[in-house]
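Given next are the chains, with one letter for each unit.
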Amino acid sequence: MMSLKPSLASLIIFFLIWVGTACASKPHIISFRSPNLYPEGITWDPIDQHFIVGSLRHRTIYSVSDAGVVDTLISDLSLPENVTFLGLTVDNHHRRLLAVIHAMEPLPPYDALAAYDLRSRERLFLAPLHGDADLDSSLSRQIANDVTVDFAGNAYVTNAAANFIWKVNAKGEASIFSRSPVFTEYPVDRSSPYSFCGLNGILYISKGYLLAVQSNTGKMFKVDAEDGTARLVLLPRDLPWADGIAVRKDGIVVVVSQSKAWFLKSEDSWAEGAIFDETALEPEWFPTSVTMGGDQRVYVIYGHLEEGIFRKGEREAFSIEEIRSERESGEEKIWVYVLVGLGLSYFLFWRFQMKQLIKNLDKKTN
């Protein structure tokens, strides 16, 4: 009987460590340093296993490791000085990085999409992005904002000022792809900050359509990737100041604003969507973009962009932080407890059986 005691103690300790590890796991926080970087865009390179971030005025794109090591990935000094890298995405099928370039006021207007080879790090093309001279005559400038890419290498870029979507094919040829009237159907509070910012985050869904969010209305749209027709995605409520958007492999879509992240799902290919959870973000750190990192973990970039735009000082420290659905985390904890309970039950049953076996052996011996 004495030989059973160490086994029981060891198993209990093992279960306690297991439960403690599962329940005490904290979100991954990557702190990194780069003088006056102020990154707005972020993406993940699944091959090289690092994050890629843009910069406010550096004409440089950087990689950031899980440990916070920063390296120069792309330095494109042929671009106009002080332009900003906004949306970023990795075209993994063609091993390219696609980067949206925009010149903020008071710089002269400039909008383009650049493609860089991730192996050689050479620029493949620079596609200027223009509006329609007649339809956009009231705008002082276009605002090329975010980008996504389909399997054929076609890129789709949102125009936050004119509320349309450009398409840039794999050769770097740009055209206005979708100027759906649904993008301008909904009222905008022009007295609110950043009311000029319309279509913003965009992503390609493998079933052949795009999802785009609109900052100044909080709406989400589904756009056909063949003909550009668009319709409103019916949600239980708006997503105020929605900015970045990303999708997990299980179909869960995450949208971030300056103060909140929403976790959404759909059962009908995004004719309708449900908001099943949300989590608070740090508004003073000005989160702007979201991406899926390793193991499909969700990360936001805290780039302090507003501080950089208005030149409120100098900054060197920034962060990339994992965010989680509290509801999903709670369900995972419940399953851990269930498994622990089953394990203990099995052990107690085994212990009972061993006692009976020993008793029977003792009777036979006597």
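Just so it is clear, the structure is predicted and the values come from calculations on it, not from any experiment.

Concerning the overall build of the protein
- Within the protein, the regular secondary structure consists of three helices and 24 strands.
- Taken across its 366 residues, the protein has 49% of its residues classed as buried.
- Within the protein, counting contacts between residues at least 6 apart in sequence, those at least 24 apart form 51% of the total.
- Element-wise, carbon and sulfur atoms account for 54% of the exposed surface of the protein, whose accessible area totals about 18300 Å².

Here we look at the sheet that holds strand β19 (residues 253-256)
- Sheet architecture is open: four strands sit in the order β18-β19-β20-β21, paired in antiparallel fashion. Looking at strand neighbours, the two that pair on one side only are β18 (244-247) and β21 (274-280), the edges of this open sheet. Averaged over all pairs of adjacent strands, the angle between their axes in this sheet comes to 20°, without regard to strand direction.
- Of the strand pairs in this sheet, β18 and β19 are connected by four bridges, and their pairing is antiparallel. Of the residues in β19, the one forming a bridge with Gly244 is Val256.

Topic: the sheet that holds strand β9 (residues 123-128)
- In space, the four strands of this open sheet follow the order β6-β7-β8-β9, with antiparallel pairing throughout. Each edge of the sheet is formed by a strand with only one pairing partner; in this case those strands are β6 (84-91) and β9. Going across the sheet, the axis of each strand differs from the next one's by a mean of 20°, ignoring polarity.
- Examined bridge by bridge, strand β7 (residues 96-102) and strand β8 (residues 111-117) share seven bridges and lie antiparallel to one another. Counted as the bridge partner of Leu98 is Ala115 from β8.

How each quantity is defined
Residues numbered from 1 in each chain as written. Predicted model: local features only at pLDDT ≥ 70, side-chain atom pairs only at ≥ 80, totals over all residues. Heavy atoms only, no water. Helix = DSSP H or I, 4+ residues; strand = E, 2+ residues; numbered from the N terminus. Buried < 20%, exposed > 50% of the residue type's maximum accessible area, 1.4 Å probe, protein only. Contact = heavy atoms within 4.5 Å. Areas by Shrake-Rupley, 256 points an atom, 1.4 Å probe, with all protein chains shown as cover. Pairing = 2+ DSSP bridges. Axes fitted to C-alpha atoms, helices over the stretch in contact; angles between N-to-C directions.

Structural measurements only, silent on function.
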